[in-house]
Amino acid sequence: MDPEDRGSAPDMTSHRCGQIDDVHFRTDEDMEVLTDCRSIDASEDEDSALPPDFEWIDELYEEDDDDDGDGDLAVADEHAMKRSYAETARMFKLRRNLDQLDSFHQQKEHDVLKAREELKLVRQHIESLLEMRDNLEEEIERQKAADNSVAVIRLRAQHKRLCQELRSDEEMEAHINTELKQQELQLSEVEVELGRFSSLRQEVHEEERVFQILKAQKATTRLQQERKASQNLQLKQQHLRNKQAAMLKTEETESQRKTDESPAHRKISAKYLKKAIRRMHQLEAEKEQQNRELLEKRIQAVKSLKSNIAATQENLRIQQSRAKANTQKKEQQLRQLRESLQAEGINSIRHMYQQKQLQEIKRKQEEFEQKQKSKRVEIVDKILKEEQLVKRRAKQQALLAKPSATDKISSQRRAREKLLYYLDPNPPSATEERATILRDFSDISSSLSASSDIEDLEENIQQEVEHQSLDDSLAEPEFSGLWDQSNKMPLSEKTMLTQTEVKQEEPAEASKRSNMPSKKVCGKEFKGPPFISKPEVIHFKDFEVGKAYKKKITLTNISYTTNNCKLIGVSAQLKNFISIHFESPGFLSPGMSCEMQTVFQPMINEDLEGEVRFASAAGPFSVPVRCTIKKCDLEVDTQLIDFGTHVVGQTISRTITLTNKGALATLFSLDTSACPSPETSHVHMPSQVSAPTCQESSDNTTSDNQKSSASIDTGELQLKQDGQELSEASENEPPLSEDSATGPGEIPEACLFSDVDAQINETLLDSIDISLGNVREGDVGPFESIKLEIVFTPTIPGKSKLDFYIKFSDVTSKPIPITVKGVAVSLPVWVVQPSIDLKICMFDRLYQDSIMVQSSASTALKLTFEVCPEMRKHMEILPKTGFIQAQSSFSAQLKFLPRRSLSKDATAFFDTDTGVLDVPMTVQVAGQVQPVHFTVQAVVTSSDLQFDRAEVDFGYCSIYQSIKSSFRLTNMSLLPQDFGFLGVPEFIEVQPNDGFGTLLPQETLEIDLIFSASKAKEYNFQLSCKSGINRVFLLTCRAVGVRPPLQLSHSLVQFGATAVGDQSTALLYLINHHTDSNQSKQSATPGVREAVAPVAPRLFCFTPPEDSDVRISPSAGRLLAGERCLVQVMFRPRLSDQEIKDEALRLLHRAKLLREKELERERQAEQEIKKEIPVETNKGKKASVIPKNNKVPDSPKPEILTESPDPDDIQPGSEQYEEAKTSLLYSFTQCYREYTVPCYVSDGDPPEENRQAQPAWSPFNTLYLKLQCPAVQPPLVVISNNGHNVIDFGQVPVGEKVIKRLTVQNISKEPLDLRSSLLDIYGPFSLLNALRCIRPGEKHTLILAFSPTLEKKCYETLEVRSNKMILEVILRGEGLVPNVTSSHPGGLLDFGYVLEKESPSQVLKLQNSSALPVGFKVLLSSVAPSRPQGGADKVDFLLGSYTDSRVQPTVGTQNQSGLSVFSVVPVEGSIAPGQSQDITITFKPDHPSVNYSDRLIVELRNKSKVCVIDLKGAASSHNMYLCGGDLLTVPIESLLPPLITCQSQFTESEVMEKPSVPVLVTLRASYSAGAIKPAVRELQVGCIRSAQPSKKTCEFHWDNVASLQQQGFSVEPSKGNVEPGHRCTITLKWTPQSGYKPYEVVQMCVPLTLKGDETNVYRVTLMALVSTTAD
């Protein structure tokens, strides 16, 4: 197809597809895809992405790009141009859309066929229905002719139903026919479209054929390439095999050579090994001796320390007792003095206060005078010593010129003034004080010559003033404004004087050296100094002012003749600080030496240099002296940091170490400026001179200076020297200093500039590839080091360089320049972990790790991992070759299997002594010249386990006993190893931990083997010890077993830790194993003669020790052949009576000693008080100040205390006995006892002639039972009830409950989880509270209850269990039945009608006829917590179940105030035996109601009821009331008040008229046997008796009585009077009149008026009827 045709085809296809969409394919997504793909331009096809179904085409074209030109998808014969990617994609898209169109055509054909089949079926069904209808019509005609109407009706119904079905089928036929036509139309349209796409289909078919041809050619090309690659691989493998064969041959040759040389090397190593072992043994012996001596010294020191502590404690106790006695004595004296002063009428408080003030003033004055005297004596003594020293110096300095008289006088005056200032810097009267001090000194030194005295005094004063000025200079105040500048002048004067003296001494010393003659001895001329010193230079390093330093120097005569030396002195600048202690040794022969001691007392913080001068016969010589202050000696380990070459994107850090080798601390900071200026070359520290400094810098440096005390001290000294210089400058220029002091605005500006510079430096630091770490400033203490981190993060390929300086606050320390450089390259491949550490590995074990290679390249690269030839037997990397994709990582597997030949194969990489393996590895990258290097590190160790012996021999062992043997197992590896003895025979036991465990590196463990022979034979076996890596080590063992006559199932019983008072039990068996069968089989062990025991019964007897805690049951018996006996061994530790009595005696003796000491102290205090009571005389008479009420009690006689109690008097159960027992329990720690109980076995029964005779007991048949019995402190003890565990409840009424408490305490050091045994659930005893876990020292109270149900005595045991012991608690008590009666038999108690707010009461009496007190409780239903009966009654009333007016609820109406209507006093109590109790019941209503009711129950504590009384009452607001009639409302009233209607709705007459009360009376006349019985009802009118004043009688009358009689009603009486407290009965009677109609109700309403304190009208409604069911 031409390109034009191909270009026009998509347009045609798009047009055709558009027509299809317009017809029926608007919802078909596949056809839309076809339309879109045909309308896409060719250029857009190349850039568009394929659907997921055609992603494999991309992979195909990618493979084509990697191959050569021969594999392109181009056919030269058919096409002259190469097929494009878009054409291939277009072909597959068209094929997919055509396939979808074909499937759509098939679907339409299927739908048409389906519709035709459905139409055919419907038509067949219609025909069958028509036939059935015709048949049915014929049948209907036949039935009509037969006149069968029933059948006709049935057939007509069927005909109707059949017609309906036929009609629906016809409708369905029409619908299906319509659908079929529609489907056929669509099918024809699809076929038309298929015809239109026929040319496109042919085009796709042609392209597919071409594509298949290209694919076949591609497969052929790939096959050829694979064959070539296979041939190349075979060639490489052959070359590799040849190379390996050559290497193997070389290795064999090298191995043979090493094997030949190994004997010689072994002999040499054995020789040196013996020497090394001998030397190690010697060193260990010496170290052991030193440790032993050190231990002895420590023991002696501890003993002496204990004795000193005891002595110190005793002294402290004595001092405290004395101080206490003195305090009491002083208080007594003050009390007596106060009383005596008060007796004389003097104000004691004022007088004593004045005395105290006078004593305090006197004491201060004495202290001040004493202090002045001591200071003056010290000064004078020091001056005299200085005078003698000056005299000696003056004799030695004869060459120095003497000052003139004027200078002497001026210096004398100046010295005196300085001395006066030294003695008192700020005197009150300076002139007088100076004259006095000078006069004293002139008197003291009058005996000395005038000139020498003046000179000595002058020099002495000079030294003292210099020392004082130095002290003053060191004690600077916090602010410079408080500093006196004149105090620093003596220091400068002293410095100038010292320089003058040094200049004068230098010419004299030079002349001496020039005049020193040279000595010749035996023709040899000696040159140089005659003596040398050791050390050569006397160096006092890092001194501190105020401390003294001593050094010892040795002078050795190195001349050729006998020589002597004499001390001349020290340099002028050192004579005030250094003193020499040297005694002339006389003449010394050559080689002899003498010693000299130098004492250095610095007073200034400056470096000093000089010499100590000596004179000798050979000439003068000197020893140099150097005194250096604390300085900073700062250095770094390197000044050049080269990061090397790194890939861009990595982060590499290096550290440099800044070390201060000096003793002075300093601050440091990192500065990145190119060249530090003089102003910024040092870090500024906070100075006390410059107050207005930047706040941030001062805070930082202050916090840094506080890190070490040494840095603070040295920093202050340096700053004070700077401050002195600044003070001198300020004195020379006072205006400038004032301006600086008053102008604080300049300093913040400087701080601002410094902050800006710091920010610029930090910006520079962070902007380059090389940056500094977080630590950029700080302090370096003396002899400290600081790590400074430098980070190289390359971002751009190329070289990076950074120069910075480390600046210091110390002015003498120069900045240290540091140069950092690095190169960043864009290497695409690197190993993520350049050093792979496999940790510790074992021989012959496989270890694996992953090697992660990262690539930053944009293309795939080929990697080749290379292993050095020496390690190819032990190390392998898989895969050896791989391809790493672009911007991804590649992981290779490293396999390391070290073999035993590693030390021979890789001698260059493996250290046999330490086991360290360090192997360099490389990764070759294709196209990259420089390979990637990485290192594999490991420590290879052995995995051997070594026994200390090869064989274990147990010897002879009984089959009922065990023998233990031990050996040592050593781990020769550097790794912990698990081990276990597997396949251990049954007769051997390996301990500890059953032969399993873990051995630490180089650890040796002692293992016990316990052999228990099961048979009498010889044993030879091997133990297999397997390590955690499945290595097996064998140990050979052997033993011989023998058999005794009887057998113990256990020869060793190990009881657990049993608390005192608890019990442990062990069960074992004693077996007679001899039978007839085994007698013949008894064999003798080779080498041992074993007597075969006869088969006979055996007698045995256990004999435990007397007074032991062990009991054995049975202790004796007889065993027949083949029988066994159960033996029970019980261990119950207890405290013996003797131990308890001894402890009681000890406690009594200690209490006696304490009482004696207390009495002795009281006696001594009383005697001292008597002796030291002051006696005052008043007018010549002695008056005692002892108060009258201060009576000394008589002390008890010591004879009473010396009586010692008799141990027999301490009986069990007494107070002393229980206290001693408790003390022993609390102090009991643990007790371990072992008992060996022999079991004697006879040779048989007694002889038959005399059965009473003792049988023969052979010592060889004796068995031994070993018991290990550890007793421990009981963790749980009873601390209540005097320590008794018996609780007696006594007599308790049946049904009542008595509670008692038992408190236990945990005296152990571990928490106890308490549990209890199960008490009888039907018994009277119960545990009310739950037991819990109690911590050490805690207490827990058990609440126990006794509630008897029967009249009997009860006894039960409660076990309180813990994980360590069981505490038994005994419970007992007795139950009795109570007998209580009531004066009221029960039933109804009616209070009648009362006025509201009145409170009548009645009394109920209870009588107790039993022999023990009985408690009772009175319950009211209205105030009970739950009222089930009352609640049920209310519900029944509300539901209308109660129709009888006589029935009332249990709890009726209650007071509106919330208080109970009925109250009872007392509510509860107890009735003593034979006594009675009155209970008062009060009725107090607060509003009118007739429904007040309640129920009162009197019950005892055992819930038994004495009586049940129903309380009832009514209340009225006036004294007249009417009762009777029918119930109009429920007998339950609401507590809410009735609603009050607004009175504005009624008229005035209605308001004034009182409403009447409705009353309904129903009369039922009975009709029976033709006769009517009249109906009779009664109403009662009553008058309430009240304490309030009212009328004596009350009246009532009926109205309209005549109208009642007309209806057959009669009322008797119609009116009357009622006395207070009485009732009047009104009888109502109804007799039906003639003409009464059945079922007619006669109703009349008649008012009844009651006149009492108020007039009330009741509207009585009479309702009468005749009933045949009425009574």
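Residues numbered from 1 in each chain as written. Predicted model: local features only at pLDDT ≥ 70, side-chain atom pairs only at ≥ 80, totals over all residues. Heavy atoms only, no water.

**A few points about the packing of helix α5 (residues 85-145) against helix α7 (residues 198-344)**
Spelled out, the test is: Angles shown run from 0 to 180 degrees and are taken between the N-to-C directions of axes, each axis being a line fitted to C-alpha atoms and, for helices, limited to the stretch in contact. To qualify as a helix, a DSSP run of H or I must reach at least 4 residues; to qualify as a strand, a run of E must reach at least 2; elements of each kind are numbered from the N terminus. Roughly parallel here means an angle under 35 degrees, roughly antiparallel means over 145, roughly perpendicular means 65 to 115, and every remaining angle is called oblique. When the near helix sits turned anticlockwise from the far one by under a right angle, the crossing is termed left-handed; a clockwise turn instead gives a right-handed crossing. The contact criterion used is simple: two residues touch if any of their non-hydrogen atoms lie within 4.5 Å. Gly is placed with the polar residues, together with every amino acid not listed as nonpolar (Ala, Val, Leu, Ile, Met, Phe, Trp, Tyr, Cys and Pro) or charged (Asp, Glu, Lys and Arg).
One can describe the packing of α5 onto α7 by two numbers: an axis separation of 10 Å at closest approach and a directional angle of 130°. In terms of orientation, α5 and α7 fall into the oblique class. Where α5 crosses over α7, the two elements pack in a sense that is left-handed. In this structure, α5 uses Thr 88, Arg 90, Met 91, Phe 92, Leu 94, Arg 95, Leu 98 and Asp 102 to contact α7, whose residues at the interface are Leu 200, Arg 201, Glu 203, Val 204, His 205, Glu 207, Glu 208 and Phe 211. Class assignment of the residues belonging to the contact of α5 with α7 gives a composition of seven nonpolar, two polar and seven charged.

**Some points on the packing of aromatic side chains**
For clarity, the cut-off: Pairing of aromatic side chains here covers Phe, Tyr and the six-membered ring of Trp, requires ring centres within 6.5 Å, and sorts the geometry by plane angle: under 30 degrees stacked, over 60 edge-to-face, intermediate tilted.
Under the definition given, this model contains 29 aromatic pairs. With a centroid separation of 5.2 Å and an interplanar angle of 20°, the aromatic rings of Phe 531 and Phe 621 are classed as stacked. You can see Phe 531 sitting in strand β3 (residues 531-534) and its partner Phe 621 sitting in strand β11 (residues 621-629), a full 90 residues away along the chain. Taking the centre distance of 5.6 Å and the plane angle of 35° together, the rings of Phe 1391 and Phe 1483 count as tilted. Taken together, the residues span a long stretch of sequence, with Phe 1391 in strand β62 (residues 1387-1395) and Phe 1483 in strand β67 (residues 1476-1483) at a distance of 92 residues.

**Some remarks on the confidence of the model for the protein**
Put simply, the test is: pLDDT is a per-residue confidence score from the predictor, ranging from 0 to 100.
On average, the protein scores 76 in pLDDT, and the residues at 70 or more come to 74%. Taken as a whole, residues 399-411 scores under 50 in pLDDT and shows nine contacts with residues more than four places along the chain or in a different chain.

**Let's talk about the sheet that holds strand β58 (residues 1339-1346)**
We count it as follows: At least two bridges found by DSSP between two strands is the condition for calling them paired.
The sheet built from four strands is open, its strands ordered β51-β53-β58-β56 with antiparallel pairing. Looking along the sheet, the strands with just one partner apiece sit at the ends: β51 (1276-1278) and β56 (1325-1327). Between one strand and the next, the sheet's axes are offset by a mean angle of 30°, whatever the strand orientation. When strand β53 (residues 1298-1306) meets β58, the two strands line up antiparallel, connected through eight bridges. In the strand pairing of β58, Thr 1303 is matched with Thr 1341.

**Points about the sheet that holds strand β32 (residues 963-971)**
Strand pairing in a sheet takes place through backbone hydrogen bonds and is either antiparallel or parallel in direction. Here four strands make up an open sheet; going across it, the order is β30-β32-β36-β34 and the pairing antiparallel. Looking at strand neighbours, the two that pair on one side only are β30 (945-947) and β34 (988-991), the edges of this open sheet. Averaged over all adjacent pairs, the angle separating strand axes in this sheet is 30°, with direction ignored. Of the pairings in the sheet, the one linking β34 to strand β36 (residues 1004-1011) comprises four bridges and is antiparallel in character.

**Details of unusual backbone geometry**
Put simply, Gln 991 and Pro 992 share a cis peptide bond, and its omega is 5°. Residue position: Pro 992 is located in the loop between β34 and β35 (996-999). Geometrically, the link from Glu 1612 to Pro 1613 is a cis peptide bond, its omega value of -15° lying close to zero. When you line up the elements, Pro 1613 lands in the loop between β75 (1609-1612) and β76 (1615-1618). One non-glycine residue, Gln 887, lies in positive phi territory at about 55°. Topologically, Gln 887 is positioned in the loop between β26 (881-884) and β27 (889-896).

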